[in-house]
Amino acid sequence: MKFYRLLILSVFLNLSAYGQVTKVRGYVKDSISGEALPFVNVTFKNTQTGTITDANGYFFIETRNASDTIVASF
């Protein structure tokens, strides 16, 4: 009986580790004119995970690795 309790507990602990996803949705615009900036590279800092903005300046990016900073380059 203890074995089954331990097995169930370990399954739930492993599932919670897979549930941690960082998702960022945003809009990139020019700081002076306020116009949308299309095709800007957006990445999580110090990672290879990235995307580009669409023609209207919007982007969506996600990762399972811990990250709290994004970098935009044009």
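Preceding this paragraph is the structure being described.
Residue positions within a chain follow its written sequence, with the count starting from 1. Residue-level local features of this predicted model are given only where pLDDT is at least 70; pairs of side-chain atoms are given and counted only at 80 or more, and the full residue set underlies all totals for whole chains, interfaces and linings. Heavy atoms throughout the structure, all of them, feed into the side-chain values; hydrogens and water do not.

Any chance you could explain the sheet that holds strand β2 (residues 41-44) here in plain terms?
To summarise the sheet geometry, strands pair through backbone hydrogen bonds and adopt either a parallel or an antiparallel arrangement. At least two bridges found by DSSP between two strands is the condition for calling them paired. A run of H or I in DSSP becomes a helix once it reaches four residues, and a run of E becomes a strand once it reaches two; helices and strands are each numbered from the N terminus. The three strands lie next to each other as β3-β2-β5, forming an open sheet whose pairing is antiparallel. The open sheet has two edge strands with one neighbour each: β3 (50-52) and β5 (70-73). Strand-to-strand twist across the sheet, computed as the mean angle between neighbouring axes with direction ignored, equals 20 degrees. Direction of pairing for β2 relative to β3: antiparallel, over a ladder of three bridges. Residue Asn41 lies in a different strand from β3, and its bridge partner there is Ile52. Between N-to-C directions, angles span 0 to 180 degrees; the directions come from axes that are lines fitted to C-alpha atoms, helices contributing only their stretch in contact.

What is the right way to look at the nonpolar core in this model?
Nonpolar side chains tend toward joint burial in soluble globular proteins. Remark: nonpolar core denotes a set of buried residues (Ala, Val, Leu, Ile, Met, Phe, Trp, Tyr, Cys) joined through side-chain atoms within 4.5 Å. For every residue, the accessible area (1.4 Å probe, protein chains only) is compared with the maximum for its type, and the residue is labelled buried under 20%, exposed over 50%, or partly exposed between those bounds. Membership of the largest hydrophobic core is limited to six residues, which are Val28, Val40, Val42, Phe44, Phe59 and Ile61. Where this core is concerned, the elements lending two or more residues are β2 and β4 (58-63).

Can you walk me through unusual backbone geometry in this structure?
A negative phi holds for most residues other than glycine; trans holds for most peptide bonds. If you check the backbone angles, Phe39 has positive phi at about 60 degrees while not being a glycine. Residue class for Phe39 comes out exposed when judged on its relative accessible area of 55%. A positive phi angle, close to 60 degrees, is found at Asn46, a residue other than glycine.

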